[in-house]
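Fold and geometry: a report
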Protein chains: 2
Amino acid sequence: MTGVTIRDVAKKAGVSPSTVSRVIRGETNVHPKTKRRVLQTVKKMGYFLDGSARAIVKKQTKTIGVSISDISNPFYPLLIRGIENTINKFDYSMILCNTDEDSSKEERHLKVMLEKRVDGLIIAPTNPQVPFLKLFEERGIPIVCIDRAIENVEADMVGVDNVHGAFAAVEHLIKLGHKRIAIITGIRGITTTNERLRGYLDALKRYGIKKDEALIVEGYSRIEGGIKATKELFKLKSAPTAIFSSNNLMTIGTFIALKELKKSIPKDVAVIGFDDLEWAETLDPPLTAVSQPTYTIGSTAAQLLMQRLLKEGPKKKQNIILKTSLVVRESC
Amino acid sequence: MTGVTIRDVAKKAGVSPSTVSRVIRGETNVHPKTKRRVLQTVKKMGYFLDGSARAIVKKQTKTIGVSISDISNPFYPLLIRGIENTINKFDYSMILCNTDEDSSKEERHLKVMLEKRVDGLIIAPTNPQVPFLKLFEERGIPIVCIDRAIENVEADMVGVDNVHGAFAAVEHLIKLGHKRIAIITGIRGITTTNERLRGYLDALKRYGIKKDEALIVEGYSRIEGGIKATKELFKLKSAPTAIFSSNNLMTIGTFIALKELKKSIPKDVAVIGFDDLEWAETLDPPLTAVSQPTYTIGSTAAQLLMQRLLKEGPKKKQNIILKTSLVVRESC
DNA sequence: CTGAAAGCGCTAACAA
DNA sequence: TTGTTAGCGCTTTCAG
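Residues numbered from 1 in each chain as written. Chains lettered and ligands numbered in written order. Predicted model: local features only at pLDDT ≥ 70, side-chain atom pairs only at ≥ 80, totals over all residues. Heavy atoms only, no water.

1. Digging into the protein's contact with DNA strand D
- Not every one of the 26 residues close to DNA strand D is listed here, only the nearest: Arg22 and Thr34 of chain A together with Ile6, Ser21 and Tyr47 of chain B.
- Of everything in DNA strand D that lies within 4 Å of the protein, sugar and phosphate atoms constitute 63%.
- In this structure, Thr19 of chain A approaches DNA strand D through a side-chain N or O atom, which is 2.8 Å from a phosphate oxygen.
- Between DNA strand D and the protein, one listed contact pairs a phosphate oxygen with a backbone N or O atom of His31 of chain A at 2.8 Å.
- Secondary-structure elements contributing two or more residues to the surface near DNA strand D are α2 (17-24) and α4 (51-58) of chain A together with α1 (6-13), α2 (17-25) and α4 (51-58) of chain B.
- If you tally residues by element for the surface near DNA strand D, the top one is α4 of chain B, at 5 residues.
- Each residue belonging to the surface near DNA strand D can be placed in one class, and the counts come to 10 nonpolar, 9 polar and 7 charged. (Near = heavy atom within 4 Å. Polar contact = N/O pair within 3.5 Å; in protein donor to acceptor, adjacent residues only side chain to side chain. Helix = DSSP H or I, 4+ residues; strand = E, 2+ residues; numbered from the N terminus. Nonpolar A, V, L, I, M, F, W, Y, C, P; charged D, E, K, R; others polar.)

Written out as structure tokens, the structure reads:
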């Protein structure tokens, strides 16, 4: 607790606090000589700006909040890097929170962020209705949604075309000759879950395949869920010949379960995943998947947010939908 | 920008600012009736505490800094969760920064954290000498190192026994009959790299195997590096029969390279990795690896830090070394 | 149990 | 180019 203040520096350097402040903020109208002296004193005394004090008068913290479901879902790390690399250019940092898809946890985190006076928020909302976000809007704190959309609140949004991506995945399976295609869905109620399910359904309909409720199982967006769901599918009298796993973690679960069940991929059953994995080609067999530009989602969201903070953005809220791509490897 | 202050609430509720402050902080010596009235007004006016203002007088931000090399390294996500889950219990949040093993980037981040007045720091230092950390020490901001140690600064440390873990890995290989064992090392200069290399060397010596410099290659702790290093090894006149990959990302690289090279694991070459992967059993073949308790590293570090912040910790700096475990699957 | 007053460390007019 | 002054929104004595 050295606690050197701007006043201490001022006294030592024989100038006024405001002059020290000017030097620190890099204002130009300070005599070079004075400036040098102040800078020396700053260094000598080990002075460090107090961000809280500055924040209180500038009404700006140079901090944004980032709320996601779970950093240990492999979907997020690169997205976070996309955010970080972008905001760093603007001298911003981020407070990171995980919600675990629990909306009460989410609300607690958002409350803290509000109190810490984040300048902006990037959020993957737990559900389309997050009443608390109203408070951000009221205070003019810009919000950018990632991955999922939100209702009733003005917010930019960056995501991918889930319906189309899922459609492409299932279409791929169908063209390979599959008719009994199962889907393992994520947590109910989340936008992405719904959209991917829709894409699945659309593809079936488009190719005249009747939907079978028994082939639609919930995997809760987790490895365990993927394992359980896959095992369930193979308890059916008429098991599927192909599985569309609609997220990352569940795909890993599916692979694990299939190995346990001694089912060979793709001979016994084809598997296609939503979300590519960095190590997808080292899987057994290499995974065919719908790939999302995760880094770009993050960087785009951050850019949008920074534009808002600099009041440079377009007036209208943006809705940016990035493209997915089908990466064909050997699991189908 | 609603900007409702404690004074606004006070006026509306017909009390003094200090009373409002008392209610907000949950002080008990406030008349229940007054308390209720204030609480109502707070809610009605949409008042929200200003954390910066509080921080400035309490000299406490309830925020810690977390500096790691790269969140997209699969080693970190669970570790971060360990930290978060722990600090959340104490109403703390974290500012997360990635250094990419670049010490100048690290210093910039640390400077910002100092300015944002983090109460504590958890860091995986880029190298054993981070002069900037001296400034944290001077200000009495507790530091906990994870994964790697630091010199010249008082700091707690939580890590694993890298020497022993590496020794066990190589020993496993030797007992399987291997004599030409290669190691792919991480970035030079980092503690973990050195320690794992030492474990490798120790094991060779212990079992009377002469070390061959050609079998020690650098993989720079990245997937690309692992690929390159593996390919180099197979350009040798006398290629290794086993590879010890000393980190996560490089192991993935090794798998990729071996597949390209059409080498079969473990028939043509055995592979053992340092760092387990959540999806290790879905690899082709399932990976044998030295597993680290990543979540526990994070939670332990956070607990230690919280103890320091609550001034409850032991006086002496702690050095907690957790155990690794060998998970035998099918790649050896 | 409550209020008045001072002050945390900074910036932003306004004067000089 | 520099200094003086008045806050920013909160907490904390100290009285009452």
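There is more to say, and it comes next.
2. As for the sheet that holds strand β10 (residues 288-291) of chain B
Residues and elements named next belong to chain B.
- Sheet architecture is open: 6 strands sit in the order β7-β6-β8-β9-β10-β12, paired in mixed fashion. Either end of the sheet is taken by a strand with one partner, and the two such strands are β7 (216-218) and β12 (325-327). Averaged over all adjacent pairs, the angle separating strand axes in this sheet is 20°, with direction ignored.
- Where strand β8 (residues 242-245) meets strand β9 (residues 270-274), 4 bridges bridge the pair, whose relative direction is parallel. When the sheet's bridge partners are listed, Ser245 is paired in β9 with Gly273.
- On top of the sheet, helix α11 (residues 248-260) reaches β6 (181-185), β8 and β9; it is set at about 160° to β9, its chief contact. (Pairing = 2+ DSSP bridges. Axes fitted to C-alpha atoms, helices over the stretch in contact; angles between N-to-C directions. Contact = heavy atoms within 4.5 Å.)

3. Digging into unusual backbone geometry
Residues and elements named next belong to chain A.
- Note that the residue after Ile265, namely Pro266, is joined by a cis bond; omega there is 0°.
- Along the chain, Pro266 turns up in the loop between α11 (248-260) and β9 (270-274).
- Its identity is not glycine, yet Tyr220 carries a phi of approximately 55°, on the positive side.
- Relative to the helices and strands, Tyr220 resides in the loop between β7 (216-218) and α10 (223-233).

4. Some words on the packing of aromatic side chains
- This structure, assessed with the given rule, holds 8 aromatic pairs over all chains.
- A centroid spacing of 5.0 Å and a plane angle of 75° characterise the contact between Phe75 of chain A and Tyr76 of chain A, whose relative ring orientation is edge-to-face. Comparing Phe75 of chain A with Tyr76 of chain A shows no difference in burial state: the two are buried.
- Linked through ring pairs, Phe48 of chain A together with Phe132 and Phe136 of chain B together constitute an aromatic cluster.
- Stacked on the ring of Tyr207 of chain B, the Lys or Arg Arg206 of chain B has its end atom at 4.9 Å from the ring centre. (Phe/Tyr/Trp six-rings, centres within 6.5 Å; stacked < 30°, edge-to-face > 60°. Buried < 20%, exposed > 50% of the residue type's maximum accessible area, 1.4 Å probe, protein only. Lys NZ or Arg CZ within 6 Å of the ring centre and 35° of its normal.)

5. Comments concerning the interface of chain B and chain A
- The interface is formed by 57 residues belonging to chain B together with 57 residues belonging to chain A.
- Here chain B is connected to chain A by 6 salt bridges.
- Residue Arg117 of chain A is joined to Asp50 of chain B by a salt bridge in which the shortest nitrogen-to-oxygen separation is 3.8 Å.
- Going through the elements one at a time, α4, α5 (76-88), β2 (93-98), α6 (103-115), α7 (133-138) and α11 of chain B are the ones with two or more residues in the side of chain B that touches chain A.
- When the residues that make up the side of chain B that touches chain A are grouped by side-chain class, the tally is 26 nonpolar, 14 polar and 17 charged. (Salt bridge = Lys/Arg side-chain N within 4 Å of Asp/Glu carboxyl O.)

6. Remarks on the relation of the copies chain B and chain A
- Overlaying chain B on chain A yields an RMSD of 0.1 Å, the required transformation being a rotation through 180° with an accompanying axial translation of 0.1 Å. This pairing of chains is accounted for by a two-fold axis.
- Looking at the interface residues of chain B, 100% of them are also at the interface in chain A, so both copies use one shared face. (Least-squares fit on C-alpha atoms with pLDDT ≥ 70 in both.)

7. Examining the side chain of Asn247 of chain B
- Here Asn247 of chain B shows up in the loop between β8 and α11.
- For Asn247 of chain B, the contacting residues outside a window of four places in its chain are Asn73, Arg196, Ser221, Phe274 and Asp275 of chain B.

8. Some points on the protein's contact with DNA strand C
- DNA strand C sits among 27 residues. The nearest are Ile6, Ser21 and Tyr47 of chain A together with Arg22 and Thr34 of chain B.
- Among atoms of DNA strand C positioned within 4 Å of the protein, sugar and phosphate together represent 66%.
- Note that a phosphate oxygen of DNA strand C is positioned 2.8 Å from one of the backbone N or O atoms of His31 of chain B.
- Sorting elements by how many residues they give to the surface near DNA strand C places α4 of chain A first, with 5 residues.

9. Points about helix α9 (residues 191-206) of chain B
- With 16 residues, α9 of chain B extends 22 Å between its outermost C-alpha atoms, agreeing within 8% with the 22 Å of an ideal straight helix rising 1.5 Å per residue.
- Where α9 of chain B is buried, its residues touch α8 (162-175), β6, β7, β8 and β9 of chain B. (Expected span 1.5 Å × (residues − 1).)

10. With respect to the environment of Val269 of chain B
Residues and elements named next belong to chain B.
- Within the secondary structure, Val269 sits in the loop between α11 and β9.
- Judged by relative accessible area, Val269 falls into the buried class, the value being 0%.
- Counting along the chain gives 91 residues from Val269 to His178, while the straight-line C-alpha distance between them is 9.7 Å.
- Excluding residues within four positions of it along the chain, Val269 makes contact with Phe234, Pro240, Thr241, Ala242, Ile243, Leu258, Lys263, Ser264 and Ser331.

11. Describing the nonpolar core
- Counting residues in each nonpolar core, the largest one holds 92 residues, and the members touching the most others are Tyr200 and Phe244 of chain A together with Tyr200 and Phe244 of chain B.
- Setting aside its immediate chain neighbours within four residues, Tyr200 of chain A contacts Ala166, Val170, Ile181, Ala182, Ile183, Leu215, Ile216 and Phe244 of chain A.
- In this structure, Ile87, Ala301 and Met306 of chain A together with Val66 of chain B belong to the second largest nonpolar core, which totals 53 residues. (Core = buried A, V, L, I, M, F, W, Y, C linked by side-chain atoms within 4.5 Å.)

12. Regarding the domain arrangement of chain A
Residue and element names in this part refer to chain A.
- According to the domain assignment, chain A contains domain 1 (6-49), domain 2 (60-159 + 294-321) and domain 3 (162-291).
- Computed from C-alpha coordinates alone, the two centres of domain 2 and domain 3 are separated by 29 Å.
- Taken together, the contact between domain 2 and domain 3 spans 10 residues of the former and 14 residues of the latter.
- Regarding the contact of domain 2 and domain 3, the summed buried area is about 860 Å², with carbon and sulfur atoms giving 58% of it.
- Joining domain 2 to domain 3, the criterion identifies 1 salt bridge.
- Partitioning the side of domain 2 that touches domain 3 into residue classes produces 4 nonpolar, 2 polar and 4 charged. (Domains from an automatic or database assignment. Buried area = accessible area lost by both parts, 1.4 Å probe.)

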